Amino acid sequence: MRRRYLILPCLVMSVAGCSSPTPIVPSASASAQAEDPTAAPVLTISDAVVQLPAVPGRPAVAYFVATPGDQAKGKLVAVHVDHFGRAAMHDSVMEGGTMTMNPVDSLPLDPAKPLVFAPAGLHVMLFDSDNTLKAGGTTTLTLTLDNGAKFTAQARITPPGGDDAMPGMKM
Ligand SMILES: [Cu+2]
């Protein structure tokens, strides 16, 4: 049952040369060949969106849905979005009528429960933009699990306020 845990970091590393010795796990390459390439992915990302800030220099925010596959285990520990220097997972909670945000270090994967990042809930704050992204474009969202496995998706860039926002419209 630990197969997938061992294989995915190997795939990620293959760019840098997976043929290098892996003394920690001698059976890793054999298991990789036995892996069914049509097997359901551990994590499927959908509805990925990066919402640009209303005020330049303020953080952007990313939303998406990450659906764990039947074999999923471990934790989501990091999110990266291309063109941003730093990303942080947050959760929004109501406290005394005020919405506040708490940092989230990790989220356990549960096959029965999609991780929904959406307004007023879980979200990803994006800092240190290189200011090249424009509404209507796309960028790459990367999720990293605690075992080092990475999953990517293309995220749509939306204007401040999301798809419904029109130029000059106050949200
Ligand atoms: Cu936040």
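Residues numbered from 1 in each chain as written. Predicted model: local features only at pLDDT ≥ 70, side-chain atom pairs only at ≥ 80, totals over all residues. Heavy atoms only, no water.

A. Seen up close, the nonpolar core. Counting 33 residues, the largest nonpolar core has Val50, Phe64, Leu76, Phe117, Leu141 and Leu143 as the members making the most contacts within it. Breaking this core down by element, the ones donating at least two residues are strand E1 (43-51), strand E2 (60-68), strand E3 (75-81), strand E4 (84-95), strand E7 (115-117), strand E8 (123-129), strand E9 (138-145) and strand E10 (150-158). Look past the residues within four positions of Leu141 in its chain and what remains in contact with it is Ile45, Ala48, Ala62, Phe64, Val79, His80, Val81, Phe151, Thr152, Ala153 and Ala155. (Core = buried A, V, L, I, M, F, W, Y, C linked by side-chain atoms within 4.5 Å. Buried < 20%, exposed > 50% of the residue type's maximum accessible area, 1.4 Å probe, protein only. Helix = DSSP H or I, 4+ residues; strand = E, 2+ residues; numbered from the N terminus. Contact = heavy atoms within 4.5 Å.)

B. Region of the structure containing the packing of aromatic side chains. This model, assessed by the stated rule, comprises one aromatic pair. Judged by centre distance (4.2 Å) and plane angle (15 degrees), the rings of Phe64 and Phe117 are stacked. Of this pair, Phe64 sits in strand E2 while Phe117 sits in strand E7, and the two are 53 residues apart along the sequence. The same class applies to Phe64 as to Phe117, namely buried. (Phe/Tyr/Trp six-rings, centres within 6.5 Å; stacked < 30°, edge-to-face > 60°.)

C. A look at the coordination of the copper ion. Around the copper ion, the protein supplies His90 (ND1), Met101 (SD), His123 (NE2) and Met125 (SD) as donor atoms, at distances of 2.1 to 2.4 Å. Here the copper ion is ringed by four donor atoms whose angles at the metal span 91 to 119 degrees, and the overall shape comes out tetrahedral. Mapped onto the sequence, the residues coordinating the copper ion show the spacing H-x10-M-x21-H-x1-M. You can see His90 sitting in strand E4 and its partner Met101 sitting in strand E5 (residues 98-103), a full eleven residues away along the chain. Here His90 falls in the buried class, since its relative accessible area comes to 12%. (Donors = N, O, S within 2.8 Å, 3.2 Å for Na, K, Ca; no water. Tetrahedral: all angles 85-135°; square planar, octahedral: opposite > 155°, others 65-115°.)

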